[in-house]
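Geometric and topological summary
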Amino acid sequence: MQAAELEGIRRDLAALVGTRNVSVGSSVRALYSRDCWPRTLLWERDGEFRYQPDVVVWPNSTDEVVKIVNYARKTHLPITPYGAGSSVVAGAVPLRAGISLDMKRMRRLLSVDLKSRRASAQVGIVGQRLEDSLQQAGATMGHFPSSIYCSTLGGWIAARGAGQFSSYYGKIEDMVLGLTAVAGTGDVMRVGPERVPGPDLIQILTGSEGTLAVLTEATFIIHPKPTARALRAFRMKSLASGLEVMRRLFRLGLRPHLLRLYDPLDSQIVGDQDKPHETSKPVKSLMASWTSKSLGLALSAPSLLNRAVEMLPPRCLLVISYESDTQAQVEAELQATLDVVRELGGADIGEGPAQRWYKHRHSTGYKQSNVFAGHAWSDTMEVCTTWEKVLPVYDAVRQALRHEAFVMCHFSHAYLEGCSLYFTFVGPAVTAKKGESSYDRAWQQGMRAALSAGATLSHHHGVGSAKARQLPDELGDAGMGMLRSLKAAFDPDSILNPGKLLA
Amino acid sequence: MSAEDPTVIDWSHREEDARFAADSLVNGIVGAGIGEVEVLQLEDGTAASVRPRNADDIAQLVALVTRLHGRAAVTRRIRSGLVALDLSRLNAIAAPEERSSLIRVGAGALVRDVEAKAIQFGLSLGPLLPSSPRKTVGAWLAGPTRGERSVPGGRLETAALALEAILPDGSAYRSREAPRSATGPDLDHVVLGGEGRFGIISAATLRLFPRALVESAAAKPVRSVVEAMSVLRDAARGDSAPAEARWDRSRGLVEARFNGIGSATRARKFGHEHVGGREIIRGHLELAGSWSAWTALSPLRAQAVQLVALHADGAFGAIEFEHAEEADEAASFAQAMGFAVVSPRRLRPSPEVGWSRAGPLFQALAATLDPHGVFRREATDPR
C-alpha cells in the first residue's frame, strides 16, 4: 500500500477514535505481524515480518468498535482482532493485512459482585490484571492459563481457552455468562447473562476466533478465593496406571484443581524427584543443549532420540492439588487420592514437585524463543479425547512424529469422560527453509494421527490459521457448512479475521 | 420463504393453493417410500406423519421436503402442510462405554429408558426435572434446558458430549466425542435448545455420572419459599452445590442432598440430619432461572419446589401448586421475572422470542442456516 493511501486510512480512523489510537508506523506494524505461532518466530529469527497490518487501531469502547467495523465494511479492509498476541495458531496474525484491532485499551473491570458470583469486564484486560483485581475483592475467576501475563479475557473467549485449574473450574466456555460483541455487519449483540430460550449464542461466539464478531465485554462466573490447599506429587509405575488414577478420581466425584500427569520423558525433564537436580544425566545433557546450536544437529535424526527415550524407565510423575474453603475438606480429598494411588502401585513423593510446578507455572508464555536460537523449532499440540482412546491417541501421535521431531507429552485438563493430551515436540531448523518444511510435515502428520485415533484437533489453543486446513477433517461437510452459514450471517462481507477457522 | 426468490412459489395467500401444496407435499413423501408414512385427511388439506427408520431416512425426508418447499418438524401434532416426524423408531440404547461414562442413544429413546440402562451399570444421568424422564432424548436436548446438569465448580454442563443432527439441507452433522474442544464455535449449540429450528437431533452420546457412592441429606426449617431459595442459593454458591433440593410449604422445611467426598460435612453445615423419602413432586410448572429469579418466587403461591442443576448462577426447578390451573397464570409471571419456562410445552414461548433479543442477526442466521425455511415455525403451529 502506498504511503499516501496509508496516510488517508490513518486520518480516517483518527477521525473515528482519535489520533493517539491509530498508528501506521513501520515498527508498530512489524510488531503486530506476529503472535506466538512458532512459524512466525522462525521468520522473525531471520528478520522477516511477513504479515504486517496496514494500520493498528486501539478502540476504547464498543461504540468505537462499531465505527471501525463500519469503516472496514466500506473500505473492504480486513480486521484482525488482537489481544496480547499469545495465540500459538496464528489467530492474531493479519494474514490479509488491513486493520489490527488491539483491544488492550478496553481494559476496565466493570463490576464484581461476589454475592451473585458474577463479574463483568471489557475484554482487552490482561489476564493477570483481571485476576489481581478480582482477588482484591476476595474473588477468583479460576482461569489460570500459563499465558496469564500475556493473554486477555477476549483472547481466552475467542479461542475457547483453558486454565491450569480447568479440572475444577472448567474452561472459559464454562465460565462465560454474557457477551457484548460487534458483528461484521456492525450490529451490536448483547447475549446473556439471563438465560433465554433457543440456541446458546454465547457458545457460538465463544471460540469464533474473531471471525464472526469482535468481542468487547463479558460477564463471567467468579468464585470466593479458596483459603485452603493440599498439594502432592506421586510417582506412578507406568503411564497407564497414572491415567487410571486420573480417571478413578473423577469417578469418585473428586475434582482436583491441578491434575497433571507427565509421560516418562516429560517426567524426567520436569524432574520427578523431590529435588530437581536429580534429573537423569542423559536428559540433563539434552536440556543443556536446549539453547545451543548443537540442538539443531542432535535433532537431525529425531527417530534415534525418540528410540533412546523409549529406554527410559517407564515411571511417570503425577502432581495434584485440591483447594477449598476448609483444610478438612482438602485433606479428606487428598486422603481419598492417596488410597487410589496406592491401590494402583504409585508412591507418594511429597509436595516438592507440586510446589515447583506452582512456582514456575507462568514461566512459559513468550519464552519459547530460546529453542529457536538453537537451530531448532518447538511447538505444542493439545488434543482431547475420551478415556478409552487416550493411550491409542498418545501412541498414534508419537508414532507419526517419530521421524520428524523429538516428542513428549503431559496429560491435564481432565474430565469425567476423558482428558487433554499436551504434546511438546522439538524439530531441527538449521536453516529457516528446512525448519519450515520439517515443522509443517510434523504438524500435518501429528494432526492426521490424532484425528484418525479419535481426538479433537484442539482442546484450548484454537484453530487459527495453523489448523484451519485440517478443520474439515474434524467437522465434516455438514459442520463446515454450518460454520460458513454462521459466517455469512454474522460477517457477510468477510472482513473479520480472514484466513482463520475457514481457510 | 423469500419473496424475491423466483424459484419459490408462495402458496400461502390462497386457501385452495395451500391445500394443493399440502397434497403435493404428502404425495411426494408417499411416493418416495421413506420410512413408514401415515396419511391423514384434515379439514384444510392432507398431512403426513412419517416414522423414519434411521438418520438416513430423516436426511432423505428433509432433503425431499426442502425440494417440495414444505416444512418438517418432530412433532406428534399433525397439521396440513407440515411433515410430522415421529422418531420413536430411533430408540436404540447401546450399552454404556463404562471407562468414559458415556452412552450412545438414538434421539427417539425415552430419557427414562436411558436412565434405566445406565443404572444397570452403576451410572446415571443425574437428578432431572420431573418431566424430563418422559421426554425423548431429542426433545430433552432440543428443549430449554439443553440437557444441562450441574457439575462441580458451580457450573452447568450439557449431557450431550456429541450429537448427530440432520440439517435443513439434509446433510448429517456429527460432532466429535471429546469432553471439550477448541475447534471453533461449539456447533452442537446450534441445535441444542434450538427446538428443532436449525436441525433435527437424530442421535447423541450422553455423559453419565457414577451413581453416588457417598450421599448425605440435610434439612433446615424455613418460614417462606423466599427464605428456602436464599438458603439454597447460598449452598449452591459454596464449595459444592447440593445435587438436588426441595422445599415444602406444609412441612416448612428445605431439604438438600449432597454427593461425594465431604458430603456429610456439607450436609451438617446446611442443616440437621434428614432421612426423608425421595418422592418427586407434581411439577405443574418447570422453570430455568437465575438465583435472583428464584429468590423472588413468593408471588407464585407455590406449595412445593424441587430444584435440580443447582449451580453458582441459578437452578432448574419444578413448582407444585394447589391447583394445576394456576400454572398458566404463573408462567406469565415467571417469564416477567426472568425465568425460562421448561414445561409444560404449551406455555413456552416460541424460541424466536428469545433469539430476537440478540437483535436483527437472528433473521440473518435463520436465512443462512435454513434458507428454504424447511424447519421454520408458523405462528399457527400447535405446540
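Please read all numbers here as calculations on a predicted model, not as lab measurements. (Residues numbered from 1 in each chain as written. Chains lettered and ligands numbered in written order. Predicted model: local features only at pLDDT ≥ 70, side-chain atom pairs only at ≥ 80, totals over all residues. Heavy atoms only, no water.)

1. A closer look at the overall build of chain B
The criterion, for reference: Counting from the N terminus, the helices are DSSP H or I runs at least four residues long and the strands are E runs at least two residues long. Our radius of gyration looks at C-alpha atoms and nothing else; its globule reference is 2.2 Å times the residue count to the power 0.38. Working definition: with a 1.4 Å probe on protein chains only, accessible area under 20% of the residue-type maximum means buried, over 50% means exposed, and in between means partly exposed.
Looking only at helices and strands, one finds eleven helices and 20 strands in chain B. Relative to the globule expectation of 21 Å for 383 residues, the C-alpha radius of gyration of chain B, 22 Å, shows essentially globular dimensions. Summarising its shape, the C-alpha atoms of chain B cover approximately 70 × 45 × 35 Å along the three principal directions. Burial status across chain B gives 58% buried among its 383 residues.

2. Examining the overall build of chain A
Rules: Here the Shrake-Rupley method, with its probe set to 1.4 Å, supplies the accessible areas, and only the displayed protein chains count as covering residues. In this charge count, Lys and Arg are treated as positive and Asp and Glu as negative; neither His nor the chain ends contribute. To locate a charge, take NZ of a lysine, CZ of an arginine, CG of an aspartate or CD of a glutamate.
In terms of regular secondary structure, chain A is built from 20 helices and 18 strands. Considered along the principal axes of its C-alpha atoms, chain A spans approximately 65 × 55 × 40 Å. Burial statistics for chain A: of 503 residues in total, 65% are counted as buried. For chain A, the computed accessible surface area is about 17700 Å², with 51% contributed by carbon and sulfur atoms. Taken together, the 57 basic and 49 acidic charged side chains of chain A have centroids lying 4 Å from each other.

3. Observations concerning the state of the cysteines
All names here are of chain A. Note the cut-off: Note on disulfides: each one is a pair of cysteine sulfur atoms within 2.5 Å.
A complete count under the given rule lists zero disulfides over all chains for this structure. A disulfide-free cysteine, C36 has its sulfur positioned 5.9 Å from the sulfur of C150, the nearest such atom. The exposure class assigned to C36 is buried, which follows from its relative accessible area of 3%. Cysteine C419 remains unbridged, with the sulfur of C384 as its closest cysteine sulfur at 6.9 Å. Owing to a relative accessible area of 0%, C419 belongs among the buried residues under this scheme.

4. Brief notes about empty space enclosed by the protein
One simple way to see leftover space: roll a probe sized like a water molecule over the atoms. Under the convention used in this document: A cavity here means a set of 1 Å grid points, computed over protein atoms only, where a 1.4 Å probe fits but cannot escape. A pocket is an open set with protein on both sides within 12 Å along at least 5 of 7 lines, and lining residues have an atom within 4 Å of a point. Grid points are joined across faces, edges and corners, and a volume is the space filled by probe spheres set on the points. Residue type decides the class: Asp, Glu, Lys and Arg count as charged, Ala, Val, Leu, Ile, Met, Phe, Trp, Tyr, Cys and Pro as nonpolar, and the leftover types, Gly among them, as polar.
Tallying each qualifying case throughout the model produces five cavities of 30 Å³ or more. Reported here for the largest cavity is a volume of approximately 100 Å³. Surrounding the largest cavity, 14 residues form its lining, A:R255, A:L416, A:E417, B:V151 and B:E157 being those nearest its centre. For the lining of the largest cavity, the secondary structure elements donating two or more residues are β7 (148–151) and β8 (155–158) of chain B. Each residue belonging to the lining of the largest cavity can be placed in one class, and the counts come to seven nonpolar, one polar and six charged.

5. Section: the interface of chain B and chain A
Definition in use: Every residue pair with non-hydrogen atoms within 4.5 Å of one another is taken to be in contact. The buried area of a pairing is the accessible area, by a 1.4 Å probe, that goes missing from both parts when the two are put together, added over both. Criterion for a salt bridge: a side-chain nitrogen of Lys or Arg within 4 Å of a carboxyl oxygen of Asp or Glu.
In this assembly, 72 residues from chain B lie in contact with 88 residues from chain A. For the pair chain B and chain A, the summed buried area comes to about 6500 Å², and 58% of that belongs to carbon and sulfur atoms. Broken down residue by residue, the surface that chain B buries against chain A is led by B:R99, B:R176 and B:R180, which jointly contribute 12%. For the pair chain B and chain A, the interface holds nine salt bridges. Ionic pairing is found between A:R160 and B:D186, a salt bridge with its closest N-O pair at 3.9 Å.

6. As for the pairing of strand β9 (residues 160–166) of chain B
Residue and element names in this part refer to chain B. For the record, the criterion: Strand pairing requires that DSSP identify at least two bridges connecting the strands.
Taken across its seven residues, β9 has seven buried, putting it largely inside the fold. The pairing of β9 with strand β11 (residues 200–207) spans six bridges and is classified as antiparallel. In the strand pairing of β11, A165 is matched with I201. Sheet topology places β9 next to strand β10 (residues 172–174); three bridges connect them, and they run antiparallel. Within β10, the residue paired with I166 across the bridge is A172. Taking the residues between adjacent antiparallel strands as the criterion, β9 and β10 are bridged by five residues, where G170 takes a positive phi near 85°.

7. Some details on the side chain of A:E131
All names here are of chain A. Threshold: Pairing of N or O atoms within 3.5 Å defines a polar contact, subject to two protein rules: one partner must be a possible hydrogen donor and the other a possible acceptor, and residues neighboring in sequence count only if both atoms are side-chain atoms.
As for its placement among the helices and strands, E131 is situated in helix α5 (residues 127–136). Buried charge E131 goes without a salt bridge, the closest partner of opposite sign being R361 at 7.7 Å. Separated by 2.7 Å, the side chains of E131 and Q135 make a polar contact.

8. What about the sheet that holds strand β10 (residues 213–221) of chain A?
The strands making up a sheet are joined through hydrogen bonds of the backbone, oriented either antiparallel or parallel. All names here are of chain A. Where we set the bar: Helix axes are fitted only over the stretch in contact, all axes being lines through C-alpha atoms; the angle between N-to-C directions runs from 0 to 180 degrees.
The strand order β5-β6-β10-β8-β9 describes an open sheet built from five strands, whose pairing is antiparallel. Each edge of the sheet is formed by a strand with only one pairing partner; in this case those strands are β5 (109–113) and β9 (188–191). The sheet shows a mean angle of 15° between the axes of neighbouring strands, direction not considered. Both strand β6 (residues 118–122) and β10 contribute to a ladder of five bridges, which runs antiparallel. Across the sheet, residue R118 finds its bridge partner in β10, namely I221. Sheet contacts for helix α4 (residues 62–75): β8 (176–183), β9 and β10; angle to β8, the most-contacted strand, approximately 40°.

9. A closer look at the packing of aromatic side chains
Residues and elements named next belong to chain A. What counts is decided by this rule: Pairing of aromatic rings covers Phe, Tyr and the six-membered ring of Trp, with a centre-to-centre limit of 6.5 Å; geometry is then stacked below 30 degrees between planes, edge-to-face above 60, and tilted otherwise.
Overall, the coordinates contain 16 aromatic pairs over all chains when judged by the stated rule. Aromatic side chains Y32 and W58 sit 6.2 Å apart centroid to centroid with 85° between the ring planes, which places their arrangement in the edge-to-face category. Of this pair, Y32 sits in the loop between α2 (26–31) and α3 (38–45) while W58 sits in the loop between β2 (55–57) and α4, and the two are 26 residues apart along the sequence. Residue Y32 is classed as buried on the basis of its relative accessible area of 8%. A relative accessible area of 12% places W58 in the buried class. Plain terms: the ring middles of W37 and W43 are 5.9 Å apart, the flat faces sit at 90° to each other, and that makes the pair edge-to-face. Take W37 and W43: they sit in the same class, and that class is buried. Through successive ring pairs, a cluster of aromatic residues spans F144, F165, W357 and Y358.

10. Things to note about the packing of helix α20 (residues 471–490) of chain A against helix α11 (residues 361–369) of chain B
Worth spelling out the cut-off: Less than a right angle of anticlockwise turn of the near helix away from the far helix marks a crossing as left-handed, whereas a clockwise turn marks it as right-handed.
Between α20(A) and α11(B), the shortest axis-to-axis distance is 8 Å and the interhelical angle comes to 145°. Crossing angle aside, the handedness with which α20(A) passes α11(B) is right-handed. Across the interface between the two elements, A:M482, A:S485, A:L486, A:A488, A:A489 and A:F490 from α20(A) touch B:L361, B:A364, B:L365, B:T368 and B:L369 from α11(B). In the contact of α20(A) with α11(B), the residues fall into nine nonpolar, two polar and no charged.

11. Concerning the nonpolar core
To be explicit about the condition: Only buried residues count toward a nonpolar core, which is a set of Ala, Val, Leu, Ile, Met, Phe, Trp, Tyr and Cys residues joined through side-chain atoms within 4.5 Å.
Counting 136 residues, the largest nonpolar core has A:L153, A:F220, A:F490, B:L141 and B:L206 as the members making the most contacts within it. If we skip the residues at most four places from it in the chain, A:L153 touches A:A121, A:Q122, A:V123, A:I125, A:L130, A:M141, A:A218 and A:F220. Counting 62 residues, the second-largest nonpolar core is a separate cluster that includes A:W37, A:A228, A:L334 and A:A442.

12. Focus: α11(B)
Because an α-helix completes one turn every 3.6 residues, residues spaced three or four positions apart along the sequence face the same direction. The cut-off we apply is this: It is the directions from the helix axis to the C-beta atoms that the arc portrays.
Of the positions making up α11(B), those classed as buried are B:L361, B:F362, B:L365, B:A366 and B:L369. Across the axial projection of α11(B), the buried residues extend over an arc of 140°, all falling on one side.

13. Quick look at the sheet that holds strand β13 (residues 258–262) of chain A
Residues and elements named next belong to chain A. Reading across the sheet, the seven strands line up as β15-β12-β14-β13-β17-β18-β16 and stay open at both edges, with antiparallel pairing between neighbours. The open sheet is flanked by β15 (347–348) and β16 (376–386), the only strands paired with a single partner. Packed on one face of the sheet, helix α19 (residues 432–452) meets β16 and β18 (418–428) and runs near 10° to β16.

14. Observations concerning the confidence of the model for chain B
Defined as follows: Residue-level confidence of the predictor is what pLDDT reports, using numbers from 0 through 100.
For chain B, per-residue confidence averages 88 on the pLDDT scale, and 91% of positions sit at 70 or higher. The ipTM for the predicted assembly is 0.94, set against a pTM of 0.94.

15. Looking at the environment of A:V89
All names here are of chain A. Mapped onto the elements of the fold, V89 is located in the loop between β3 (79–82) and β4 (99–102). Judged by relative accessible area, V89 falls into the buried class, the value being 3%. The spatial distance from the C-alpha of V89 to the C-alpha of S465 is 6.1 Å, given a sequence separation of 376 residues. V89 has contacts with W37, H461, G462, V463, G464, S465, A466 and K467, leaving out every residue within four places of it along the chain.

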